[in-house]
Amino acid sequence: MEYPYAVEMLNITKRFPGIVANDNITLQLKKGEIHALLGENGAGKSTLMSVLFGLYSPEEGVIKKDGQVVEIKDPNDANALGIGMVHQHFKLVECFSVLDNIIMGVEPCKHGFLQKGEAREKVLALSEKYGLHVDPDALVEDITVGMQQRTEILKMLYRDNEILIFDEPTAVLTPQEIKELMQIMKNLAAEGKSILFISHKLNEIMEVADRCSVLRKGKYIGTVEIKNTTREELSRMMVGRDVEFVVHKEPAKPGKTILEVEGMTVASKSHDNNAVKGVSFQARAGEIVCIAGIDGNGQTELVYGLTGLEPLKEGKITLEGQDITHASIRRRSTMGMSHIPEDRHKHGLVLDYTLEDNMVLQRYFEPQFVNSAGFLKRKAIREYAAKLIGQYDVRSGQGPVTVARSMSGGNQQKAIIAREIDKNPELLIAVQPTRGLDVGAIEYIHRQIVAQRDAGKAVLLVSLELDEVMALSDRILVMYEGEIVGELDPKATTVEELGLYMAGAKREGK
């Protein structure tokens, strides 16, 4: 009889300074199954998969492949055993082509010369077979996030990997790309590949996985068959309590206009057309205005224009009656604008700074953090960071002195949200605020956003999650191809109608 498990991780323990990331965890992956790994931010999921992929060595425990004990010292060992991994933050060389990224490290050579022709044929055959359509000659820096993910998957398939690890694969995808990825994973499993799938999103796990193992605070809680469980049961295993999936909020009481945008036009970096075309809208105190749309329709550039990351070609921005069209980023911040950015690594954190230094990035010059001679008040900064860490449950091995890079993606996100909300802004611009967060953290962040609104602040939410758009917003502005094509009342519209506006099939006045 064939051995039932493709991979077994038995009694794995992995420690870092100040934290036991994996505490005696056992995980068994059956051949040909999609096995989900679920847990809160910082529960140890990515660490466990990094042990399997050879990025970390465990202090205790063994790994078996097809029943045989194996030693995986580095990713080359993992690849030799047929284990591949798509990381949460992609490992691609941006100035290389898609093809060069796929074949990197296993380049086909003949007499010392690179044989790209064969490689291209194999890549095109794989992309056709699995529905992973990519342009092999495109530079990675010019393609969408969804395309980058396909490139990562093709990297695994090109190496003939049999065991595929997907670490938070849907965190940066649009709803349409998520649907496609789910189908790709099902196709791969039907081909006999064994898949480990890390996710926070319970509906995705319910749709695609066969079994699910749950971790909590570094410990193994249990494994369940998906067909015998519910979302509520999984969330209870994950956070140790019942989680509210509904956002409770009173009707909005909009007050004075906080943000006014008139005729905003922002250039596109990737093509000659403008990314934002003559957009005008208002956000008032005490309301949550949501910008909804399929990714790539100008939302990113709109936010860049508002926050000062990109200059406007035309138009005017007014914050609390003051013209900030040409104001610096710091000036916008000190005037009462907070920004939870879309890309937490690029615009949210300095990854090699400590958590405490990241918490005061935009406030270190205030008297509470700096003395009259210009020296930082280290004790005050540490106390402030510790307060936010406790308040927002930011899990970090060494507290305020933890280096931001070493934290899980979800805890990096919580740190940014803590910093931006604690500035007590008049306008909170929140872009994908719950991306990569677990259900318990999402519930908490949604409450914080509603609390900002109820405290009389204006909130501008940009989200690709339709459930989040419908649950949080008081007004929905739909963007399509750089224009606002509709203003909807979430209480009087449906997800289907919203989808029609987002796809450009419907617009106001037509």
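To keep things clear, this report deals only with the structure shown in the data block. Because the structure is predicted, anything quoted here is derived from the model rather than measured.

### What about the overall build of the protein?
Then, in step 1: Within the protein one finds 17 helices and 22 strands.
Then, in step 2: The C-alpha atoms of the protein give 24 Å as radius of gyration, which agrees with the globular expectation for 510 residues (24 Å, within 12%).
Then, in step 3: Here the C-alpha coordinates of the protein stretch approximately 75 × 55 × 50 Å along the principal axes.
Then, in step 4: Scored against the burial criterion, the 510 residues of the protein give a buried share of 53%.
Then, in step 5: Partitioning the contacts of the protein with sequence separation of at least 6, the portion at a separation of at least 24 is 67%.
Then, in step 6: Surface exposure of the protein reaches about 22,400 Å², of which carbon and sulfur atoms provide 49%.
Then, in step 7: Taking the 62 positively charged and 73 negatively charged side chains of the protein as two groups, their mean positions are separated by 4 Å.

### Looking at the sheet that holds strand β16 (residues 314-319)
Then, in step 1: Spatially, 4 strands are ordered β14-β13-β16-β17 in an open sheet, and the strand pairing comes out antiparallel. Of all strands in the sheet, those with a lone pairing partner are β14 (274-284) and β17 (322-323), marking the two edges.
Then, in step 2: In the sheet, β16 pairs with β17 via 2 bridges, with the strands oriented antiparallel. Counted as the bridge partner of Leu 319 is Gln 322 from β17.
Then, in step 3: Docked against the sheet, helix α9 (residues 299-307) engages β13 (257-267), β14 and β16, running at close to 120 degrees with respect to β13.

### Some remarks on the side chain of Glu 356
Then, in step 1: As for its placement among the helices and strands, Glu 356 is situated in helix α12 (residues 355-359).
Then, in step 2: Exposure remark for Glu 356: the relative accessible area of 3% places this residue in the buried category.
Then, in step 3: Here Glu 356 is in contact with Arg 378, Ile 381, Arg 382, Ala 385, Pro 400 and Val 401, once residues within four sequence places are set aside.

### Points about the sheet that holds strand β22 (residues 483-488)
Then, in step 1: Taken in spatial order, the 6 strands make up an open sheet running β18-β19-β20-β15-β21-β22, and their pairing is mixed. The two strands at the open ends of the sheet, each matched to only one other strand, are β18 (337-340) and β22. Across the sheet, the mean angle from the axis of one strand to that of its neighbour is 20 degrees, orientation sign disregarded.
Then, in step 2: Two elements, strand β15 (residues 287-292) and strand β21 (residues 475-480), share 4 bridges in a ladder whose sense is parallel. Paired with Ala 292 across the bridge in β21 is Val 478.

So, how was this worked out
Residues numbered from 1 in each chain as written. Predicted model: local features only at pLDDT ≥ 70, side-chain atom pairs only at ≥ 80, totals over all residues. Heavy atoms only, no water. Helix = DSSP H or I, 4+ residues; strand = E, 2+ residues; numbered from the N terminus. Rg over C-alpha atoms; globule rule 2.2 N^0.38 Å. Buried < 20%, exposed > 50% of the residue type's maximum accessible area, 1.4 Å probe, protein only. Contact = heavy atoms within 4.5 Å. Areas by Shrake-Rupley, 256 points an atom, 1.4 Å probe, with all protein chains shown as cover. Lys, Arg positive; Asp, Glu negative; His and termini not counted. Charge placed at Lys NZ, Arg CZ, Asp CG, Glu CD. Pairing = 2+ DSSP bridges. Axes fitted to C-alpha atoms, helices over the stretch in contact; angles between N-to-C directions.

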